Amino acid sequence: MASLDVSRGVCSLVPGLQHWLENAFYMVRIVDAQSPREREERRVLLATEIGHATHRDILINLVDGAPSLVPAANGLPARVAFGLEDMGFAFALIAELARPAVIPAVGDAGSAHLMTLAGRVARSDATVLIQGDTGTGKEGMARFLHAQSGRNTHDFIAVNCAALPETMMEAMLFGHKKGSFTGASNASEGLFLAADGGTLFLDEIAELPLALQAKLLRALQEGEILPVGATHPVPVNVRIIAACNRNLAAEVAAGRFREDLYWRLNVMPLEMRPLVERTGDVIAIAAAMLLRHQDFVWPTAAALEKLAGHVWPGNARELGNVLQRAVVLRDGDRIDADDLHIAGAPQLRIVGAVPAPAEPVRLRDVARQSKLDAIRAALRETDGHRAAAARKLGISERTLRYRLAEMRELAAA
């Protein structure tokens, strides 16, 4: 939990700020603006208290006109001016301006409670399993766990298991000896040894083949790995954080994931809720995302209401896309509700019946067309949700991506 000092003058002017900051995972201290402080401490002060400010502080001012943000520069603190209508977003903006980079954007009381729990988990060395839909912040949580742990002086290595070439998975994870397979002209230490002493984040863990799951289990149990082509195991000291956007217990029941590995990973389970269930986080994440743009743009109260009312099937990734479009395509100086082009889940266009070809139909073409028809039907029934469609088809998301790429190539031909 980050700490933040707030002056008594600020609390008198905007009493709701303290409550927002506490929901945003801050430990708030109420101080006198002129009181002594440690060098690295950051404070929220009134604009009239600038004489007591440092370049790390945030000055606020209530105004009748349009809101504004002046970033910290040239030794001067950041300045935020806002009226009553823009106060809610201003609170989120202040929280994100002060937030350390290793702490995810939070504005919901439930999320702050989860972060508190995660902070306690981080101080242990236990394996963590993070589950949640795509875009709910699983990697951000993994990075927070590493930053709060005793391993934070060593590397955090993140790997998306779904992106690893299937034929190279073992060599990339556990390393290989020179000449151990065709093309292995040099030895490689692998990702486990690269993360030695630190944290290895295995995203989309359900994509690992069953054979490789057995080798991962041994690495977790024995604290050693066997590189491809090696005859002696190599000790390794790594904390594993795994993540999955599927229900891993259901994958075990379906025979697609090893039960023994599941229990080895599920020591400290953390569940990331979808964005629709944490409305306060929508504003906090929006503030954090807008701050990353070179030219910061304030959203109006109507725009924030529209953001809060959407169900966000794509979670934070969808929110980021919507905000980026709004920043680029907005009509005025601010992002208004009409600038937020929020679409539903993508739908595949269903092509009408194709006339029978003049030449004979080959059996392999019929089989391929049947597979593509099944994929279209599964995506239609799941509203374009790829993970759900893959489960419905009984295939991995990687296989589904290959099939969709094939469909695009056929469409372009």
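The structure we're discussing is the one just above.
This write-up is about the structure you can find in this document. (Residues numbered from 1 in each chain as written. Predicted model: local features only at pLDDT ≥ 70, side-chain atom pairs only at ≥ 80, totals over all residues. Heavy atoms only, no water.)

## A few points about the pattern of salt bridges
Okay, step 1: Per the stated rule, a full pass over the model turns up 18 salt bridges.
Okay, step 2: Residue Asp 57 is joined to Arg 37 by a salt bridge in which the shortest nitrogen-to-oxygen separation is 2.7 Å. Linking Asp 57 in the loop between strand S3 (43-46) and strand S4 (58-62) with Arg 37 in the loop between strand S2 (26-31) and S3, this pair joins segments that are 20 residues apart in sequence.
Okay, step 3: Here Asp 57 falls in the buried class, since its relative accessible area comes to 1%.
Okay, step 4: Taking relative accessible area as the criterion, Arg 37 reaches 22% and is therefore assigned partly exposed.
Okay, step 5: Three or more residues joined by partner-sharing salt bridges are found here, namely Asp 5, Arg 29, Glu 41 and Arg 43. (Salt bridge = Lys/Arg side-chain N within 4 Å of Asp/Glu carboxyl O. Helix = DSSP H or I, 4+ residues; strand = E, 2+ residues; numbered from the N terminus. Buried < 20%, exposed > 50% of the residue type's maximum accessible area, 1.4 Å probe, protein only.)

## What to know about the packing of helix H4 (residues 109-122) against helix H5 (residues 138-147)
Okay, step 1: For the pair H4 and H5, the least separation of the axes is 8 Å and the interaxial angle reads 45°. Overall, the two elements H4 and H5 adopt an arrangement that is oblique. Judged by the twist between their axes, the crossing of H4 over H5 is right-handed. Contacts between H4 and H5 involve Leu 114, Met 115, Ala 118, Gly 119, Val 121 and Ala 122 from the first element and Met 141, Phe 144 and Leu 145 from the second.
Okay, step 2: A class-by-class count of the residues in the contact of H4 with H5 yields 8 nonpolar, 1 polar and no charged. (Axes fitted to C-alpha atoms, helices over the stretch in contact; angles between N-to-C directions. Parallel < 35°, antiparallel > 145°, perpendicular 65-115°, else oblique. Left-handed = near helix turned anticlockwise from the far one by under 90°. Contact = heavy atoms within 4.5 Å. Nonpolar A, V, L, I, M, F, W, Y, C, P; charged D, E, K, R; others polar.)

## With respect to the side chain of His 310
Okay, step 1: Within the element layout of this structure, His 310 appears in the loop between helix H12 (301-309) and helix H13 (315-329).
Okay, step 2: On the basis of relative accessible area, His 310 is assigned to the buried category, the value being 17%.

## So, helix H11 (residues 279-291)
Okay, step 1: Taking 1.5 Å per residue as the helical rise, H11 with its 13 residues ought to reach 18 Å, and the 19 Å between its terminal C-alpha atoms agrees with that figure.
Okay, step 2: With 11 of 13 residues buried, H11 lies mostly within the body of the structure.
Okay, step 3: Taken together, the buried positions of H11 are occupied by Gly 280, Asp 281, Val 282, Ile 283, Ala 284, Ile 285, Ala 286, Ala 287, Ala 288, Met 289 and Leu 290. (Expected span 1.5 Å × (residues − 1).)

## Considerations on the sheet that holds strand S5 (residues 68-70)
Okay, step 1: Pairing within the open sheet is mixed, and its 6 strands lie in the order S2-S1-S3-S4-S6-S5. Of all the strands in the sheet, the pair left with one neighbour each is S2 and S5. Neighbour-to-neighbour, the strand axes of this sheet turn through a mean angle of 20°, independent of strand direction.
Okay, step 2: In this sheet, strand S6 (residues 78-82) lies alongside S4 in parallel orientation, the contact comprising 5 bridges. Considered in S6, the bridge of Leu 62 is made with Phe 82. (Pairing = 2+ DSSP bridges.)

## So, the nonpolar core
Side chains of a nonpolar character, in soluble globular proteins, are inclined to be buried together.
Okay, step 1: Ile 130, Met 141, Leu 145 and Leu 307 are the most contacted members of the largest nonpolar core, which totals 71 residues.
Okay, step 2: With 9 residues, the top contributor of residues to this core is helix H3 (residues 87-98).
Okay, step 3: In this structure Met 141 touches Leu 114, Met 115, Ala 118, Ile 130, Leu 270 and Met 272, once residues within four positions along its chain are discounted.
Okay, step 4: Counting 33 residues, the second-largest nonpolar core is a separate cluster that includes Leu 173, Leu 200, Leu 248 and Leu 265. (Core = buried A, V, L, I, M, F, W, Y, C linked by side-chain atoms within 4.5 Å.)

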